[in-house]
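Commentary on secondary and tertiary structure
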Amino acid sequence: TLFSYLKRWISMCGFNYFALFFGLLCFIILYFVFDSVHAWTNLWIVISIINQNKVFRTGINSEGNLGYWDKLNPLYTVFNKETEKFSNIWTESNVSFNSFYNSYKSDLLEYKDKNEMFPKKPIPENTVPISMIPWIDFSSFNLNIGNNSRFLLPIITIGKFYSKNNKIYLPVSLQVHHAVCDGY
């Protein structure tokens, strides 16, 4: 499968995780967007790749301890067309796509129409923000997490794909903390 091939490629090319992750993320999202697979596939693949890389699971817990999360769960945006507002929902990441898909569907049905920013509570500490704003294309995107300066997890934003000079582009922003990706 495509996913097992990419996992092998990641393990063979471990010398440059940042460039490899960003390139794979762009490739995977392009592949699945144009194959008419929905957002849950992108979420599952992105979170699966993040969970394969210890560097991206580096965090500081509520007790102030630095370490690696065993796994991260996606915290993703959901747009309510009626209110024209976003909610943020998290879903338990599962190794199995089918398990993740079922959890995603259940969470979406239960929380998508709630009129609050974070309807599913409590939010676990081990979540990674993944935003999809398919009506905006961008050349850069910066999202600041205002909870504190100790947020070390990646922040991923996916925009609107567009055509230019007979090529198709999909903006993807991968924001990483300097201390995690450049430190030792």
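What comes next is a walk through the structure. Remember, predicted model here, so these are calculated numbers, not experimental data.

1. Looking at unusual backbone geometry
Most peptide bonds adopt trans geometry, and most residues besides glycine take a negative phi value. Look at the link from lysine 121 to proline 122: it is a cis peptide, with omega at -5°. Along the chain, proline 122 turns up in the loop between helix 4 (97–111) and strand 5 (127–132). Positive phi outside glycine occurs at glutamate 84, with the angle close to 60°. Its place among the elements puts glutamate 84 in the loop between strand 3 (73–80) and strand 4 (85–90). Positive phi values are uncommon outside glycine, yet asparagine 166 reaches one of about 65°. By the element assignment, asparagine 166 lies in the loop between strand 7 (162–164) and strand 8 (167–169).

2. Some remarks on the nonpolar core
Side chains that are nonpolar tend, in soluble globular proteins, to be buried together. Core analysis: the largest hydrophobic core is formed by 24 residues, its most contacted members being Leu43, Ile50, Leu72, Tyr76, Val128, Ile130 and Ile156. Of all the secondary structure elements, the ones that give two or more residues to this core are helix 3 (39–52), strand 3, helix 4, strand 5, strand 6 (155–158) and strand 9 (172–175).

3. Description of the pairing of strand 6
Residue alternation in strand 6 divides its side chains into two sets, Ile155 and Thr157 and Ile156 and Ile158, and both sets are buried. Here three bridges tie strand 5 to strand 6, and the two strands are oriented parallel to one another. Note on strand 6: the bridge partner recorded for methionine 132 is isoleucine 158. Sheet analysis places strand 6 next to strand 9, joined by four bridges and oriented antiparallel. Its bridge partner being in strand 9, isoleucine 155 is matched across the sheet by glutamine 175.

What counts, and at which threshold
- Residues numbered from 1 in each chain as written.
- Predicted model: local features only at pLDDT ≥ 70, side-chain atom pairs only at ≥ 80, totals over all residues.
- Heavy atoms only, no water.
- Helix = DSSP H or I, 4+ residues; strand = E, 2+ residues; numbered from the N terminus.
- Core = buried A, V, L, I, M, F, W, Y, C linked by side-chain atoms within 4.5 Å.
- Buried < 20%, exposed > 50% of the residue type's maximum accessible area, 1.4 Å probe, protein only.
- Pairing = 2+ DSSP bridges.

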